[in-house]
Amino acid sequence: MTDVISIFQNIPGIAIRAIVVGSLVSLCASLLGVTLVLKRYSMIGDGLSHVGFGALAIASVLQIGNASMAISLPIVMAAAFILMVLNEKRRMQGDAAIAVLSTGAIAIGTLLYRLSDGQYSQDVCNSLFGTSSINLLLESDMWIAIGVSVVVLTAFILFYTRIFSVTFDQTFAKATGVHVGVYSMMLAGLTAVTVVIGMKMIGAIMISGLIIFPALSAMRVTKRFKSVMITSAVLSLVCFAFGFFLSLVIGAQPGPAIIAVHVACFLICSLIGWLKTRKRARMSRSIIVEPECVDKMK
Amino acid sequence: MAILTFENVGLAYGGVSVAHDVSFRVNAGEFWGIIGENGSGKTTLMKALLGLIPCASGRIVMGEGLKPNEIGYLPQQSAIQKDFPASVEEVVLSGTIGYRGWKPFYGRRERAIADGNMEKLGLLPLKKDSFQELSGGQQQRVLLARALCATKKCLVLDEPTTGLDPVVTAEFYRMVREINKNGMTVIMVSHDVEEAVKCCSHILHLSCHPLFIGTTAEYKNSPVGRKYLQENAL
Ligand SMILES: Nc1ncnc2c1ncn2[C@@H]1O[C@H](COP(=O)(O)OP(=O)(O)O)[C@@H](O)[C@H]1O
Ligand SMILES: [Mg+2]
């Protein structure tokens, strides 16, 4: 118990930085996740994070660890647009292309880390699962995270109704004059930025969980778009708080701890969703004549 | 003045021709049925009309102030995910996007239009319900309401009753006829010739090029129409 208290007492500015960056990244990822999952683009988030790993490896070979974002951002951005275009063009082969890109990036990234003269396994582990020592988060990282989340949040508020329309029914959206391609690209771009920022703390592999889990959990418990968005955002923040705290208590890397909490949250949400459907099924069975049936009988 | 004029329209996917020499005029208030075998280019023709794909040749001219993004569209079923988390209201409101300008949220005017259309189709009691939990017929009605929100003049329905049982289908056609009687121009793609002949004022029978263009009464007495109706009756 004293351990736990001392953790809180000793929260330094660096931990505050980690909390700010982590919460903002969680928030952005959860919002983007809803549309990505519903548009069947989950694989894109995953592919991007793998490309991010490759990009970090390149930064490490070039020995510009602190400015790694300058390398990884353009690379991941480019990958996002390529993946989006591939996905639009042909469904099946687009899928295969994403798999090729993500395994390829991991393989090449791992080999590159061998070339760089850091500690090989420590470096690979850090960029896949996030840095265990949050000391590595720079103040500039925090400001970039704040800037990006302002952009993501503004985009979601300004374009909320269009994002709904494009996600729900692309053909109809296009017929009503919405520029569908622009929104797909915007989504890809914002996802790329979120992945790059989240990577350092949460880890390249773990970040795609941050995108996909909150949306999936939210969709178990609620069936309206707006409430899925809100639930997803709230769950993501709560899971981050629990996960981060957990990682401090057991001295683990934050990435895996946060995702583990997300897994638990998903299981709980699934259970709640299952109980809800069962309850509704029982209720509709007890109503013998539905008003709709009466209408039909007339 | 015709609301829509198709002038020698030809359609193609990647250079492969799908339909050619489609010329006809739709006057305001008419109810056109587009019929033909699967793969005869009906959906493609509607997509060209909506500006989703370009015409390979010829052109489609709109009259009476109709704009391409002011046509209400009910896409063929496969296009929509039936397990999407959305409320009936959210789906219907999304029909108003075309003429809303850059306002980020739905205003009072959009909500009034959506409510009006939901009322017309008896959807108000389901307003807050989840779209994915509705029956197939109710989902089609929601999508019809959304299409109505997108237009004041012209409605395009692509095989709207596929997969619905006969009772629900009849009810759906009744609603569309009602909408048409109130002045809406309707273009309905259908593989159900019997129903099309019952509902529509005009028929376009497509088979890569038009086999028949004219009023329903003429169609019933034309060689094409008699042959097709007989085949379907068997
Ligand atoms: N996206 C597409 N790319 C290539 N060919 C297509 C595409 N969509 C439809 N086709 C082809 O165009 C023809 C007409 O299709 P369609 O307009 O959907 O027919 P219908 O709606 O009358 O059943 C078919 O032969 C179909 O294979
Ligand atoms: Mg079709």
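Everything below is about the structure shown above.
None of these values were measured; they are calculated from a predicted model.

A word on the overall build of chain A
Summing up its helical and strand segments, chain A has 14 helices and zero strands in all. For chain A, the sequential pattern of α-helices and β-strands runs α-α-α-α-α-α-α-α-α-α-α-α-α-α. Long-range contacts, defined as pairs at least 24 residues apart, comprise 77% of the intrachain contacts of chain A with a sequence gap of at least 6. If you sum the accessible surface of chain A, you get close to 13,900 Å²; carbon and sulfur atoms cover 70% of it.

Description of the site of ligand 1
All names here are of chain B. Looking at ligand 1, the residues that line it are Tyr-13, Val-18, Glu-37, Asn-38, Gly-39, Ser-40, Gly-41, Lys-42, Thr-43 and Thr-44. One nitrogen or oxygen atom from the side chain of Tyr-13 is found 3.4 Å from a nitrogen atom belonging to ligand 1. Between ligand 1 and Thr-43, the relevant distance is 2.6 Å, taken from an oxygen atom to a side-chain nitrogen or oxygen of the residue. Coverage of ligand 1 by the protein amounts to 55% of the 560 Å² it exposes when considered alone. Broken down by element, the residue count for the shell around ligand 1 peaks at three residues, all from helix 1 (residues 42–49). Considering only residue class, the shell around ligand 1 consists of two nonpolar, six polar and two charged.

Here we look at the coordination of the magnesium ion (ligand 2)
Residue and element names in this part refer to chain B. Protein ligation of the magnesium ion (ligand 2) involves Thr-43 (OG1) and Gln-76 (OE1), the donor distances falling in the range 1.9 to 2.4 Å. Taken as a pair, Thr-43 in helix 1 and Gln-76 in the loop between strand 5 (71–74) and helix 2 (88–93) lie far apart in primary sequence, 33 residues in all. Gln-76 sits in the partly exposed class, given a relative accessible area of 29%.

Quick word on helix 7 (residues 139–158) of chain A
Residues and elements named next belong to chain A. In this model helix 7 runs 29 Å from its N-terminal to its C-terminal C-alpha over 20 residues, within 8% of the 28 Å that 1.5 Å per residue would give. Taken together, the buried positions of helix 7 are occupied by Asp-141, Met-142, Ala-145, Val-148, Ser-149, Val-152, Ala-155 and Phe-156. When helix 7 is viewed along its axis, its buried side chains cluster within an angular range of 155° and face the same direction.

Quick look at the interface of chain B and chain A
Taken together, the contact pairs 41 residues of chain B with 31 residues of chain A. Between chain B and chain A the total buried area reaches about 3,000 Å² when both faces are included, carbon and sulfur atoms providing 62% of it. Per-residue buried area on chain B facing chain A is highest for Phe-84, Pro-85 and Ile-97 of chain B; these three make up 20% of the total on that side. Our count for the chain B to chain A interface comes out at two salt bridges. Put simply, Arg-280 of chain A and Glu-133 of chain B hold a salt bridge, and the shortest N to O gap is 2.9 Å. The tally of links from chain B across to chain A stands at eight residue pairs in polar contact (both at pLDDT 80 or more).

A few points about the sheet that holds strand 4 (residues 57–62) of chain B
Residues and elements named next belong to chain B. Taken together, three strands build an open sheet; the order of strands is 2-1-4 and the sheet is antiparallel. Strands at the two margins of the open sheet, each flanked by one partner only, are strand 2 (16–27) and strand 4. Adjacent strand axes in the sheet meet at a mean angle of 15°, parallel and antiparallel pairs treated alike. Bridging between strand 1 (residues 2–13) and strand 2 involves eight bridges; their strand directions are antiparallel. The partner of Phe-6 across the bridge, within strand 2, is Phe-24.

Cut-offs used in this document
- Residues numbered from 1 in each chain as written.
- Chains lettered and ligands numbered in written order.
- Predicted model: local features only at pLDDT ≥ 70, side-chain atom pairs only at ≥ 80, totals over all residues.
- Heavy atoms only, no water.
- Helix = DSSP H or I, 4+ residues; strand = E, 2+ residues; numbered from the N terminus.
- Contact = heavy atoms within 4.5 Å.
- Areas by Shrake-Rupley, 256 points an atom, 1.4 Å probe, with all protein chains shown as cover.
- Near = heavy atom within 4 Å.
- Polar contact = N/O pair within 3.5 Å; in protein donor to acceptor, adjacent residues only side chain to side chain.
- Nonpolar A, V, L, I, M, F, W, Y, C, P; charged D, E, K, R; others polar.
- Donors = N, O, S within 2.8 Å, 3.2 Å for Na, K, Ca; no water.
- Buried < 20%, exposed > 50% of the residue type's maximum accessible area, 1.4 Å probe, protein only.
- Expected span 1.5 Å × (residues − 1).
- Arc of directions from axis to C-beta.
- Buried area = accessible area lost by both parts, 1.4 Å probe.
- Salt bridge = Lys/Arg side-chain N within 4 Å of Asp/Glu carboxyl O.
- Pairing = 2+ DSSP bridges.
- Axes fitted to C-alpha atoms, helices over the stretch in contact; angles between N-to-C directions.

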